[in-house]
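Structural overview
Below are the chains, spelled out letter by letter.
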Amino acid sequence: MKTLTLFTTLLAVSAAKKCIVKPSSSNDSGIESGEESSLNNLPSDPSNPSNPSDPSNSSDPSNPSNTDPTNPTNPGEQTNHDILVEKARAEGKLPADFKWGAATAAYQVEGAWNEDGRGESVWDHFTHLYPHNVEGEEGNEDSISGNVACDSYHKFDEDIEMMKIMKATHYRFSISWSRLFPDGQAKKEEGKWNVNEKGVEYYNSVINKLIENNVTPLVTLYHWDLPYALHEKYGGWLDYHSQYDFANYAEFCFETFGDRVKNWITINEPWVNCVSGYRLGPGKAPYRCTGEAPRKLANETEGLDLQGGCSYEIGPSQYSPESEVLEANRPPQRLEDVWCSHNILLAHAQAVKVYREKFQKEQNGLIGITVDGEAQIPWIEPGMSEEQKKINEEYANLAAEFRIGWYSDPPVTGDYPQSVKERMGKDLPEFTEEQKAMLKGSSSDFLGWNTYTAHWAAPIEGQTPPTPEEANFENSKRDMWDDNCRGRGDGWTCIPPTLGSQAGSSWNTKYPPTIRVGLNWFSKRYEGLINNGIIITENGCAQPNAKVSRANDEVTAEYFKSIDQPEYADTYEEEIIENEDDKNTIIRDLYRVDWYQQYLENLRLAFVEDKIDVRGYMAWSLIDNFEWENGYETRFGMSYIDFKNDPELKRQPKESLKFLGQWYDENIMQE
Ligand code: GBH
């Protein structure tokens, strides 16, 4: 273990000092880049007049030190938050109103999938229909679905005990839409909602228990568990009606829980929901695959073979009011992920509109979206010319506009990035003027960002950007490389070097400056447009396990030494790897401790030195849980659950959970 401990301490210091990789220089934010920029018509007034009400003066009643947000109508005036920030920066710490906690999602933890009137979600339906799409024990349905998961539906008290160990001030959880509205359609008739009362009881008790325990709820309305009924009715997010059903469901939640919930996230990770669910192969429900699946299951998805797990099962869909109605049970189509993204962004905006118009003034809460996306690191090689470095920096920004800006620009600035529009051509749906006005500022209260891994970016040699005539989905990124491996063998296997060491999930590599690079990127790009900063709504890793290949370690280490960043020549000893038969290897999660230590140090520096307005950090995840297609043995939790042998599903704190409690004491101001 020596190597790791030593490495951990060294790293905390050196990562902190050296490794902020700046986003590309002159052209980095896309804002000042003149004609090229989608953002050159930004309003000068950050208070977003397009929003019917603004969230000024709201406060978080359950957290008295937290007098969010700043008051945009008096920009000169010092708020309570500003004072806390000043005090904290002077001590090199995070402020006393920093939102500190852990995150989970309903389908991954609740279980009780068919109890008390809960309706089926796409995840119930598709894990049951295609059991081979999830890693687990053949024939053991509970091991390949969220049927039981952590049973938080019955064991929420135990989850709270875990929060206390890390000294959480906040807890991020999601509401299962189909637990409240089994058919997905919330309706209010004669003052009464058609809601499943048992579901309401459950979330009321979760919220009340949190508040009793001084933990502030941060609630996600949608974390990928679309009611199956809406998939069957109109193909879910492919149909533009989904935005209205989502807004109705959201309205119920604001009306019912908004007296106590002051922090709302509309949608979790629209990219993953749409790209993994509707294009990349059968990783995520509803298992639509357009055959592209470059990195996974390439053979099995050939010919859109149902046995490969791609599903034709879908309702008739109308992408937009102008589109034709596509027939039910059709094979997956080109651009489904693009339309899903379009409609889910509109759904977010519709829900925010409801909140702003009917609830925010009175309830004084905040609302925003959570996007995911790898911060993009310009590829460098020893001896690379300054000119090439510059080009790579430009491509890093371009790659970030595709990967992140596609989802974060519309809710902030009101439209897709200019680069995405130009390169996608007619394949990118357009927002109407009315929709742009509705989108603009819809995440101006705060922006949520889930950050795990970074990607390198650079142009691809011999390729040119698409001309306007060539602009379409397929050509849009043809000259752009962005990945955390240098290359991909047989469509999936990673060719080293990798960007950081391999954690316990194939895509999950450890590169701690990620968080600082990304925070700087957002902050530049949206300067003056987000009133209450950025919240890291997820960050974490799966401890390396038996499934992880370490074949790349050496080449990766050599590479980082060759570019003078030896601190990322990350190596760890065999004993760090989880062994399902020895729970000590799982509880002593030193790889994860090191991850948190380094990422948090980068977060601290982003706040203290770069003066980034970052307001919260939610670790993923509080407890081991259902890791989607990777099942239960890819563990992101800071509390151990022995899913295989313990029918009680007892939670046991790992080292990392205690480490976070200690980090809180040492790095966050107490007043
Ligand atoms: C989060 O997303 C989820 O919100 C959470 O539910 C989940 O449990 C947690 O991660 C851990 O996985 O290889 O090209 O397909 C993580 C963000 C972004 C990570 C996309 C995986 C895969 C890219 N994800 N990434 S690709």
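Cut-offs used in this document
Residues numbered from 1 in each chain as written. Predicted model: local features only at pLDDT ≥ 70, side-chain atom pairs only at ≥ 80, totals over all residues. Heavy atoms only, no water. Core = buried A, V, L, I, M, F, W, Y, C linked by side-chain atoms within 4.5 Å. Buried < 20%, exposed > 50% of the residue type's maximum accessible area, 1.4 Å probe, protein only. Helix = DSSP H or I, 4+ residues; strand = E, 2+ residues; numbered from the N terminus. Contact = heavy atoms within 4.5 Å. Near = heavy atom within 4 Å. Polar contact = N/O pair within 3.5 Å; in protein donor to acceptor, adjacent residues only side chain to side chain. Areas by Shrake-Rupley, 256 points an atom, 1.4 Å probe, with all protein chains shown as cover. Nonpolar A, V, L, I, M, F, W, Y, C, P; charged D, E, K, R; others polar. Salt bridge = Lys/Arg side-chain N within 4 Å of Asp/Glu carboxyl O. pLDDT = per-residue confidence, 0-100.

Description of the nonpolar core
Residues Leu180, Trp237 and Phe257 are the most contacted members of the largest nonpolar core, which totals 175 residues. Counting residues per element, this core draws most heavily on helix α12 (residues 336-363), which supplies 13 residues. Discounting chain neighbours no more than four positions away, the residues touching Leu180 are Ile175, Val195, Asn196, Gly199, Val200, Tyr203, Tyr249, Phe252, Cys253 and Phe257. Ala103, Leu218, Ile535 and Phe636 belong to the second largest nonpolar core, which has 12 residues in total.

Here we look at the site of the ligand
Within the structure, the ligand sits among 20 residues, and Gln108, His223, Glu269, Glu627 and Trp628 are positioned closest to it. Between the ligand and Asn268, the relevant distance is 3.2 Å, taken from an oxygen atom to a side-chain nitrogen or oxygen of the residue. Here an oxygen atom of the ligand sits 2.5 Å away from a polar atom, N or O, in the side chain of Glu627. Alone, the ligand offers 590 Å² of accessible surface; in the complex the protein occludes 88% of this. Partitioned by chemical class, the residues of the shell around the ligand number nine nonpolar, four polar and seven charged.

Comments concerning the side chain of Gln376
Along the polypeptide, Gln376 turns up in strand β10 (residues 375-378). Within the structure, Gln376 has its side chain in polar contact with the backbone oxygen of Glu374 (distance 3.1 Å). At 3.4 Å, the side chain of Gln376 and the side chain of Asp482 are in polar contact. Dropping the residues within four chain positions of it, Gln376 is found in contact with Ala396, Ala399, Ala400, Arg403, His455, Trp456, Ala457, Asp482 and Val517.

A closer look at the environment of Asn268
With respect to the helices and strands, Asn268 occurs in strand β6 (residues 263-268). Between the C-alpha atom of Asn268 and that of Thr370, which follows or precedes it by 102 residues, the distance is 5.1 Å. Once residues lying within four places of it in the same chain are set aside, the contact partners of Asn268 are Arg172, Thr220, Tyr222, His223, Trp224, Thr370, Asn450 and Glu538. One polar contact links Asn268 to His223, side chain to side chain, over a distance of 3.0 Å.

Considerations on the pattern of salt bridges
Within this structure, the stated rule accounts for 43 salt bridges. We note a salt bridge from Glu336 to Arg288, for which the minimum N-O separation is 2.7 Å. Placement of the pair is Glu336 in helix α12 and Arg288 in the loop between α10 (270-278) and α11 (298-301), with a sequence separation of 48 residues. As a salt-bridge pair, Lys353 and Glu357 come within 4.0 Å of each other at their nearest N and O atoms. With Lys353 and Glu357 both in helix α12 and four residues apart, the pair spans about one turn of that helix. On the basis of relative accessible area, Lys353 is assigned to the partly exposed category, the value being 37%. For Glu357, a relative accessible area of 48% puts it in the partly exposed group.

Brief notes about the confidence of the model for the protein
Residues at a pLDDT of 70 or more form 86% of the protein, whose mean pLDDT is 88. Segment residues 1-71 is flagged for pLDDT under 50; beyond a separation of four residues in sequence, or across chains, it makes 167 contacts in the model. Note that residues 293-305 has pLDDT below 50 and, in this model, 31 contacts with residues that lie over four places away or in other chains.

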